[in-house]
Amino acid sequence: MNRLIALCAVLLLLFSVPLPAQAQDSSGYAICSNQTYALCASASAFVYAGVSYAKCIIKRGDSISAPPLTFTTRNGKTADICDVNRAGARNGYMMSTFSLPLEVRAGGKKALYTCPGDSTGSYAQCDGGTCFKSTSGQYFPGVGFVARNEIICSCPITAPVQTEAPVSYQFIGPYPCQPSALSVCNQDVGNGTIIPVGSPPGAGRVLTLALYGHSFPINECP
């Protein structure tokens, strides 16, 4: 919950200040340049023992994380998710960060769905999730075969904030629009449930603008 609140605060800040096209600073996000990373934005996740496991795509290039998960190293330096991901290249893991999935752009086969404000179904918050290279090319419970260009990422499960706002959270689903996809907004979540990877409303748009310096037309479903 604290991570969700922090992310919402970051979004408000990003709307109010100029956004550098490529930087890493203290305003609440980090851009990882030219790294291999896991893209989970359009994935779904298998729930087991209070944790979700998403089947994500392995990508190479620039990606963004908000907020960056900073920590102090043993030698007293401050490190963030880009540093952790860089170390993973030689240690059998990688991190989940964000870039805009090609398939959600206009003309693609997926779209952005928005759950209503009274939604109760939890979602997977994969920004900052840890992914294990040993899962590529293997089978994993709930998600089946994991291709060589895919990876399983461990992601916290996030309950939607109950407010009077008209919308709750957003996720990427099939396109053309399928109203049945919104059933995840209120599903009961337990062992074996498949949940979407989601984010607070508007998060993807803000991070896209921060990463690329401009927005893209995307498919959207009500």
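Residues numbered from 1 in each chain as written. Predicted model: local features only at pLDDT ≥ 70, side-chain atom pairs only at ≥ 80, totals over all residues. Heavy atoms only, no water.

A. Fine view of the confidence of the model for the chain. Residues of the chain with pLDDT of at least 70 account for 86%, and the chain-wide mean is 88. Between residues 1–26, whose pLDDT stays under 50, and residues either more than four places distant or in other chains, the model counts 49 contacts. (pLDDT = per-residue confidence, 0-100. Contact = heavy atoms within 4.5 Å.)

B. Local environment of the environment of Asn191. Examined against the element boundaries, Asn191 turns out to sit in the loop between β14 (167–174) and β15 (194–196). We classify Asn191 as exposed; its relative accessible area is 58%. Expressed as a C-alpha distance, the spacing of Asn191 and Val47, which sit 144 residues apart in the sequence, is 5.3 Å. Leave out the neighbours within four places in its chain, and Asn191 touches Val47, Tyr48 and Ala49. Polar side-chain contacts of Asn191 include one of 2.9 Å to the backbone nitrogen of Ala49. (Helix = DSSP H or I, 4+ residues; strand = E, 2+ residues; numbered from the N terminus. Buried < 20%, exposed > 50% of the residue type's maximum accessible area, 1.4 Å probe, protein only. Polar contact = N/O pair within 3.5 Å; in protein donor to acceptor, adjacent residues only side chain to side chain.)

C. Here's a closer look at the side chain of Ser136. Tracing the backbone shows Ser136 in the loop between β9 (130–132) and β10 (139–140). Within the structure, Ser136 has its side chain in polar contact with the backbone oxygen of Glu150 (distance 2.5 Å). The residues contacting Ser136, other than those within four sequence positions of it, are Ile58, Val146, Ala147, Arg148, Glu150 and Ile151.

D. Main features of helix α2 (residues 81–88). Taken together, the buried positions of α2 are Ile81, Cys82, Asn85 and Gly88. Down the axis, α2 shows its buried residues gathered within 120 degrees of arc, on one side only. On its buried side, α2 packs onto β1 (30–39), β3 (51–65) and β6 (93–97). If you check the start of α2, you find a side-chain oxygen 3.0 Å away from the backbone N of Cys82, and it comes from Asp80. (Arc of directions from axis to C-beta.)

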